[in-house]
Amino acid sequence: MTVDADELRGKVTEFLAANDPAQMDRLEFLRARFDAGLAWVHFPAGLGGLGAARELQPVVDAAFSEAGAPDNKPQLNVIGLGMAAPTILRFGNDEQRRRYLRPLWTGEEIWCQLFSEPGAGSDLAALSTRAVRDGDEWVVDGQKVWTSLAHQARWAILVARSDPDQPKHKGLSYFICDMTAPGVEVRPLRQITGEAEFNEVFLTGVRIPDAQRLGEVGQGWQVALGTLMNERVAIGGRAPAREGGMIGLAAQAWREHPEKRTHGLHDRLLRLWVETEATRLTSIRLRQQLAVGEPGPEGSAVKVAYSEQNQAITGFELEFLGEPGLAYDDWTFRQPEYTDFVKRGPGFRYLRAKGNSIEGGTTEILRNIIAERVLGLPPEIRTDKDRPWKELPR
């Protein structure tokens, strides 16, 4: 069934007539919206969608926003919405989709991502967290790091090594981990900003039912690649309004302080504005490509551009403002619900942007992906690709 924009608006109008957001409990409203197929409209019917085109999602969101309806606070569950949900949809079975997608979308259950490790950050396939089969369960032991939202998460997407006799890419399996299970310990990691968005997670004898495995045993790398492609789009593929985001803040500072302007700074700002606009338009094109298929390596290029531009813009803003820009607004140690660049000062933005080239795939790794999978350049020589993981030096 093909649904166009006018039909979707009609469905929203019909839904709002029967479900008044001013009278309903917020959570009940969101559950009803999911059940009506007006959550992710491109998802299948029965799983929050109508099988419509992906690019029609803004039509539905705008219609609900205009009616004053509550949203699902996407900034609080970015990993669940941007990474876990598409992975569950693609690799999960029917029972898993029915169990996890609805409370994920409504925000009842927050998700985190247990991928990176102290000894396997950029080289994710070299991870050493072990998953050992014990009947209908897996026993997991290891340590993960840089885990956003772990202190709030109910569930985690987890990659662990299930067969050390296989080469590193082939001996992995992918699980849904209960963050409240015995043996899961979350410790905050204080960052250069003073906050602790990230955590390290210790897994000690954590039992995960086999029913919470996504994909086949040993298919963990393929499932993880699907997650990572969605992650890079979620981080770098946003398409804000023109002069939105970081460049908007820098342009606002420029307009408010004419006394600080110089010809050199003017040239730098214009270059950054043009580069940001080019990335924004590329992000729009990437989103359009997603409507007809799964995310590909192009998302890596957008994520690299996003990271480098954020760092350059925040550096420009700090230099332009001079000494007042160095005044740091708040060094309180806390674990925030989410990171808000706009409501913090330029010093916070400058420091926090340093992490953009690490989180969601380091810039160095993403450049390799672009070189090999987009440009078709010869791959790097990898001597460990076909050797059993247990034989690799660590």
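This section reports on the structure supplied with the text. (Residues numbered from 1 in each chain as written. Predicted model: local features only at pLDDT ≥ 70, side-chain atom pairs only at ≥ 80, totals over all residues. Heavy atoms only, no water.)

Let us look at the overall build of the chain. Across its full length, the chain carries eleven helices and eight strands. Against the compact-globule benchmark of 21 Å for 394 residues, the chain has a radius of gyration of 22 Å, which places it among compact chains. Split into buried and exposed, the 394 residues of the chain put 50% on the buried side. Intrachain contacts of the chain at a sequence separation of at least 6 include 71% that bridge at least 24 residues. Side-chain charges in the chain split into 48 positive and 55 negative, and the spacing between the mean points of these groups amounts to 3 Å. (Helix = DSSP H or I, 4+ residues; strand = E, 2+ residues; numbered from the N terminus. Rg over C-alpha atoms; globule rule 2.2 N^0.38 Å. Buried < 20%, exposed > 50% of the residue type's maximum accessible area, 1.4 Å probe, protein only. Contact = heavy atoms within 4.5 Å. Lys, Arg positive; Asp, Glu negative; His and termini not counted. Charge placed at Lys NZ, Arg CZ, Asp CG, Glu CD.)

To continue, consider helix 2 (residues 26-35). Listing the buried residues of helix 2 in full gives Phe29, Leu30, Ala32, Arg33 and Phe34. Where helix 2 begins, the side chain of Asp25 points an oxygen toward the backbone nitrogen of Leu27, at a separation of 3.1 Å. Gly37, located one to two residues past helix 2, shows a positive phi value of around 80°. (Polar contact = N/O pair within 3.5 Å; in protein donor to acceptor, adjacent residues only side chain to side chain.)

Considering all chains together, one arrives at 16 aromatic pairs under this definition. The interplanar angle of 65° and the centroid separation of 6.3 Å between the aromatic rings of Phe341 and Phe348 together place this pair among those described as edge-to-face. Each member of the pair, Phe341 as well as Phe348, carries the same accessibility label: buried. Following the ring pairs from residue to residue traces out a cluster consisting of Phe34, Trp40, Phe43 and Trp105. Geometry around Phe348 places Arg344 over its ring, the cationic atom sitting 4.1 Å from the centre. (Phe/Tyr/Trp six-rings, centres within 6.5 Å; stacked < 30°, edge-to-face > 60°. Lys NZ or Arg CZ within 6 Å of the ring centre and 35° of its normal.)

Right, let's get into the pairing of strand 3 (residues 137-144). Two elements, strand 2 (residues 130-134) and strand 3, share five bridges in a ladder whose sense is antiparallel. Across the sheet, residue Val132 finds its bridge partner in strand 3, namely Val139. In this antiparallel pair of consecutive strands, strand 2 and strand 3, the connection spans two residues, and Gly135 shows a positive phi of 70°. With seven bridges joining them, strand 3 and strand 7 (residues 198-209) adopt antiparallel strand pairing. Directly across from Val140, in strand 7, lies its bridge partner Val206. (Pairing = 2+ DSSP bridges.)

Attention now goes to the state of the cysteines. If you walk through the whole model with that rule in mind, you get zero disulfides. Cysteine Cys112 is unpaired, with the sulfur of Cys177 as its nearest cysteine sulfur at 7.8 Å. On the accessibility criterion, Cys112 (0% relative accessible area) is buried. (Disulfide = S-S within 2.5 Å.)

This next bit is on the pattern of salt bridges. Two side chains carrying opposite charge are able to pair once their charged atoms lie near each other. For the structure shown, the criterion picks out 31 salt bridges. Where salt bridges share partners, they join Glu195, Asp329, Asp330, Arg334 and Arg344 into one cluster. (Salt bridge = Lys/Arg side-chain N within 4 Å of Asp/Glu carboxyl O.)

This part takes up the nonpolar core. The tendency in soluble globular proteins is for nonpolar side chains to be buried as a group. Ranked by internal contacts, the top residues of the largest apolar core, which has 73 residues, are Trp40, Phe64, Trp111, Leu114 and Met179. In this structure, Ile247, Ala253, Ile313 and Phe316 belong to the second largest nonpolar core, which totals 14 residues. (Core = buried A, V, L, I, M, F, W, Y, C linked by side-chain atoms within 4.5 Å.)

With that out of the way, let us pick up the packing of helix 1 (residues 5-18) against helix 3 (residues 57-66). Helix packing for two helices is described by the angle between their axes and how far apart those axes are. Two numbers describe how helix 1 lies on helix 3: the axes approach to 9 Å, and their chain directions differ by 35°. As helix 1 packs across helix 3, the resulting crossing turns out to be right-handed. Contact with helix 1, carried on its side by Ala5, Leu8, Arg9, Val12, Phe15 and Leu16, involves Val59, Val60, Ala63 and Phe64 of helix 3 and no other residues of that element. (Axes fitted to C-alpha atoms, helices over the stretch in contact; angles between N-to-C directions. Left-handed = near helix turned anticlockwise from the far one by under 90°.)

Phi at Lys73 is positive, roughly 50°, even though this residue is not glycine. With respect to the secondary-structure elements, Lys73 resides in the loop between helix 3 and helix 4 (78-91).

Once that is clear, we can look at the side chain of Thr106. Mapped onto the secondary structure, Thr106 falls in helix 5 (residues 94-106). Polar side-chain contacts of Thr106 include one of 3.3 Å to the backbone oxygen of Pro103. Leave out the neighbours within four places in its chain, and Thr106 touches Leu27, Leu30, Arg31 and Asn72.

Nothing here speaks to function; it is geometry throughout.
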